[in-house]
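Here is how the chains run, residue by residue.
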Amino acid sequence: MLGSCVRSLLQAARRSTPSVLERLPPACATFRHVRHARYAHVVRAQTDLEKRIAAIPIERYRNFCIVAHVDHGKSTLSDRLLELTGTIEAGGNKQILDKLDVERERGITVKAQTCTMIYKHNEEDYLLHLVDTPGHVDFRAEVSRSYASCGGALLLVDASQGVQAQTVANFYLAFAQGLTLVPVINKIDLPHADTPRVLEQLRDTFELDPDNAVLVSAKTGVNVAALLPTVVKQIPHPVGNLEGPLRLLLVDSWYDVYKGVVLLVRIFDGQVKPGDTLRSFATGFKYIVGEVGIMYPDQTPQTVLKAGQVGYIHFNPGMKRSHEAKVGDTYTTLGSEKLVEPYPGFEEPKSMVFVAAFPTDQDNYEHLEDSINHYILNDRSVTLQKESSDALGAGWRMGFLGTLHCSVFEDRLRQEHGANIIITPPSVPFKVIWRDGTEQIISNPNEFPDQDQAYGKVLEVHEPYVSTTVTLPAEYLGEVIKLCEANRGEQKELTFFTATQVILKYDLPLSHLVDDFFGKLKGITKGYASLDYEDAGFRKSNIVKLNLLVNSIPVDAVSRVLHSSQVDRVGRLWVEKFKEHVDRQMFEVVIQAAVGRRIVARTSIKPFRKDVLAKLHASDLSRRRKLLEKQKDGRKRLRSVGSVAIENDAFQKFLQK
């Protein structure tokens, strides 16, 4: 029957009569409404949940986030709050807001996740919106975006660890935006928890009243129930005009293969519902709203989103290109553009670390390219451009927010897409000032000028610095200062904020920070130190390019740009390590590390050798000498025409730590 309907449509269309739809047979009557329903949206009846939310005024909304140093228990506390409000069942999946496999494996939060809860307090319903934020410094941009949708934050501190570097950074970020902070001490059930010391740190470091702190154990649920009344009392409700023109802020976005780009938005004024036409202030594009809803904890459709709420929107037709969704953009309804003042938006996070990525087998290039493009749809902070290498073939130059961000990317490609990939050591961007006055930012070591090329053309080279904050126990202070000084650090501040805890501030070159500085710091402090950093601009420095040569031919895949003081040490390490992974040849293989024309380190791999003296009498010295000279001349000819084939496995083993 459906086939006959379609055929009737096509035949009628060919005749081009004005009453095409009227000529359809009675069985195809539903097609008569196609023209009028082209942009129609399904009108759903309100559910009990929607009716309950609709009855809550904006004065009983609370938008808040949980911020803390990494591994202080944010996701576990989020689970307890969701259980208390009945959003999820008690005893179910752990860390329900950590949706990625890599988050569950590593026990860290990589992407901020949101959830709406309904909490009954004093016989009245309150609408609570919770944001669980990442704790690692690489993902600080997620925290700053979360603050924009919130009126307050729970500042979570581990009772056994105390105030750490990211705690300090999150406090000042929230303080600068005027958010209300509620101090929460977690893990009070641990045997080595020192709650009085942590309360003293909060008072001395942040001037927060210890009497306002809530002491909880998120794992066991002790005193967590006292947290929600504190949120209701201390965190202010959002302010918005429900009757005014729509003004919403784009806080985050992600890509869905069926719906297109889904937007997480904070409504400041007005309301939005399916069928509305919105315009973006940043791009000028207009879209028709297909669905609105809240995260409860998964996507739950609603008939309307009102001022003060945080929810999701997707369009119909869907937004297909993720770069159209500019985080920090303001949207309003079509025709209200002159009535609404757009928000200033957010500063886009800058890539701090760059790596080159290549497939282990060039036959898998297209599969790996699809996997990377799919990943970037949900993580716009990754920058991507194509690159090729003589040694490793076609690949990409990629920029990340930090070394952990890069490591998470690699893990997700392997787990979610089954991709095998070679990642080069991380590098940082350098600023080259040429003699003609132009400036150039170079993030690819292969594009950095050699000393021979730079002579007479380059005026100055600047490298990026970061301001680091290290919090550590006082007993490790001497070792940490030695580490910072060995990495060309400049001490800025040293503060004892308690008798046993120290805050140490150093300016460090970013190139040293990405070279496993955090791992070394954890090693010498037995894991007790914590690190936070922020960009401190470029500074003039003596930077050179180190090349690895195999039989005088540079290997472009392992070129590196570094400070001149590191050249000799790194060069010696390189040649010895590379020697272990290059196969022996019929001729001598010479491996060198060079800066321009200066050779800083050298080693060689001896050739296979045939015993040409096996049948020679021991006393025949002239014949012996003649045969050895003939063998030597043959090796010279072979070396002049032979080339060293280095397998991908050798590069993988050399590049891995």
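Conventions we followed
Residues numbered from 1 in each chain as written. Predicted model: local features only at pLDDT ≥ 70, side-chain atom pairs only at ≥ 80, totals over all residues. Heavy atoms only, no water. 1 Å grid on protein atoms, 1.4 Å probe; cavity = no way out; pocket = protein on both sides within 12 Å on 5 of 7 lines; lining within 4 Å. Points joined across faces, edges and corners; volume = space filled by probe spheres on them. Helix = DSSP H or I, 4+ residues; strand = E, 2+ residues; numbered from the N terminus. Nonpolar A, V, L, I, M, F, W, Y, C, P; charged D, E, K, R; others polar. Domains from an automatic or database assignment. Phe/Tyr/Trp six-rings, centres within 6.5 Å; stacked < 30°, edge-to-face > 60°. Lys NZ or Arg CZ within 6 Å of the ring centre and 35° of its normal. Buried < 20%, exposed > 50% of the residue type's maximum accessible area, 1.4 Å probe, protein only. Lys, Arg positive; Asp, Glu negative; His and termini not counted. Salt bridge = Lys/Arg side-chain N within 4 Å of Asp/Glu carboxyl O. Polar contact = N/O pair within 3.5 Å; in protein donor to acceptor, adjacent residues only side chain to side chain. Contact = heavy atoms within 4.5 Å. Core = buried A, V, L, I, M, F, W, Y, C linked by side-chain atoms within 4.5 Å. Pairing = 2+ DSSP bridges. pLDDT = per-residue confidence, 0-100. Expected span 1.5 Å × (residues − 1). Axes fitted to C-alpha atoms, helices over the stretch in contact; angles between N-to-C directions.

Draft legend 1. Here's a closer look at empty space enclosed by the protein. In total, this model carries two cavities of 30 Å³ or more according to the counting rule given. Roughly 70 Å³ of volume is contained in the largest cavity. Surrounding the largest cavity, Ala112, Thr114, Val131, Glu142, Arg145, Ser146, Ser149, Val251, Asp252 and Leu264 form its lining. Looking at the lining of the largest cavity, the elements that each hand over two or more residues are α5 (140-148) and β7 (247-256). Take the lining of the largest cavity: its biggest share by element is three residues, from α5. Within the lining of the largest cavity, the residues separate by chemical class into four nonpolar, three polar and three charged. When residues are assigned to domains, the lining of the largest cavity turns out to be shared by domain 1 (48-234) and domain 2 (247-333), each giving three or more. When its volume is computed, the second largest cavity comes out at roughly 50 Å³. Considering the residues around the second largest cavity, the lining is formed by Tyr61, Asn63, Thr116, Leu127, His129, Ile294, Gly308, Gln309 and Val310. Going through the elements one at a time, β1 (61-68) and β3 (124-132) are the ones with two or more residues in the lining of the second largest cavity. Across the lining of the second largest cavity, the residue classes tally to four nonpolar, five polar and no charged. When residues of the lining of the second largest cavity are assigned to domains, at least three fall in each of domain 1 (48-234) and domain 2 (247-333).

Draft legend 2. Fine view of the packing of aromatic side chains. For the coordinates displayed, the defined rule picks out eight aromatic pairs. Ring geometry for Phe171 versus Phe175: centroids 5.8 Å apart, planes at 20°, classification stacked. Note that Phe171 and Phe175 are positioned in helix α6 (residues 165-176) at a spacing of four residues, about one turn of the helix. In this structure, Arg266 packs its charged tip against the face of Phe268, placed 4.2 Å from the ring centre.

Draft legend 3. Looking closely at the side chain of Asp450. Relative to the assigned elements, Asp450 resides in the loop between β21 (439-442) and α11 (451-454). No salt bridge is formed by the buried Asp450; its nearest oppositely charged neighbour, Lys545, is found at 4.1 Å. Polar side-chain contacts of Asp450 include one of 3.2 Å to the side chain of Asn547. With sequence-adjacent residues up to four places away left out, Asp450 is seen in contact with Lys545 and Asn547.

Draft legend 4. How the structure looks around the nonpolar core. Phe448, Val470, Leu472 and Leu513 are the most contacted members of the largest nonpolar core, which totals 32 residues. Residue assignment for this core shows that the elements contributing at least two residues are β20 (430-434), β22 (458-473), α12 (477-486), β24 (501-509), α13 (510-513), α14 (517-524) and β25 (530-540). The biggest single contributor to this core is β22, with five residues. If sequence neighbours within four positions are ignored, Leu472 has contacts with Leu477, Val480, Thr500, Gln501, Val502, Leu504 and Ala529. Counting residues in hydrophobic clusters, the runner-up holds 27 residues, among them Leu250, Val261, Ile267 and Leu278.

Draft legend 5. Main features of the pairing of β22. Where burial is concerned, most of β22 is hidden: 13 out of the 16 residues are buried. As paired strands, β20 and β22 are joined by four bridges and run antiparallel to one another. Paired with Val432 across the two strands is Val461, which belongs to β22. Sheet topology note: the β22/β25 ladder contains nine bridges and is antiparallel. Bridge pairing in β25 places Val466 opposite Asp535. Alignment of β22 against β24, held across nine bridges, turns out to be antiparallel. Note that in β24 the partner of Thr471 across the bridge is Ile503.

Draft legend 6. Summary view of the confidence of the model for the chain. Taken as a whole, the chain shows an average pLDDT of 79; of its residues, 82% reach a score of 70 or greater. Put simply, helix α1 (residues 2-15) is where the chain has its lowest mean pLDDT, 48, and strand β9 (residues 271-272) is where it has its highest, 92. Segment residues 12-41: pLDDT under 50, and 29 contacts once partners within four positions in sequence are set aside and those in other chains are kept.

Draft legend 7. Representation of helix α10 (residues 403-417) in the model. The end-to-end C-alpha distance of α10, which contains 15 residues, comes to 21 Å, matching closely the 21 Å that a straight helix rising 1.5 Å per residue would cover. Directly beyond the C-terminal end of α10, a positive phi value near 65° is found at Gly418.

Draft legend 8. Representation of the pattern of salt bridges within the structure. Within this structure, the stated rule accounts for 25 salt bridges. Close ionic contact of Asp125 with Lys120 constitutes a salt bridge, the shortest N to O distance being 3.6 Å. The exposure class of Lys120 is partly exposed, given its relative accessible area of 47%. The shortest N-O distance in the salt bridge between Arg279 and Glu337 comes to 2.7 Å. You can see Arg279 sitting in strand β10 (residues 277-280) and its partner Glu337 sitting in the loop between β15 (330-333) and β16 (353-359), a full 58 residues away along the chain. Classification of Arg279 by relative accessible area gives partly exposed; the value is 25%. What makes Glu337 partly exposed here is its relative accessible area of 23%.

Draft legend 9. Here's a closer look at the sheet that holds strand β6 (residues 214-215). One open sheet accounts for six strands, arranged β2-β3-β1-β4-β5-β6; its pairing is mixed. If you trace the sheet from one side to the other, it starts and ends with β2 (113-121) and β6, each paired once.

Draft legend 10. Quick look at the sheet that holds strand β17 (residues 383-389). Reading across from one edge, β17-β18-β16-β19 is the order of the four strands in this open sheet, with antiparallel pairing throughout. At either end of the open sheet lies a strand with only one pairing partner, and these are β17 and β19 (421-423). Averaged over all pairs of adjacent strands, the angle between strand axes in this sheet comes to 30°, irrespective of strand direction. Bridging between β16 and strand β18 (residues 393-400) involves five bridges; their strand directions are antiparallel. Directly across from Ala356, in β18, lies its bridge partner Arg397. Most of the contacts of helix α9 (residues 365-377) go to β18, to which it runs at about 15°, and overall it touches β16, β17, β18 and β19.

Draft legend 11. Representation of the environment of Arg414 within the structure. Summarising the element assignment, Arg414 is placed in helix α10. We classify Arg414 as partly exposed; its relative accessible area is 36%. When the C-alpha positions of Arg414 and Ser371 are compared, they lie 9.7 Å apart, and in sequence the two are 43 residues distant. Non-local contacts of Arg414, meaning those with residues more than four positions away in its chain, are made with Ala419, Asn420 and Ile421.

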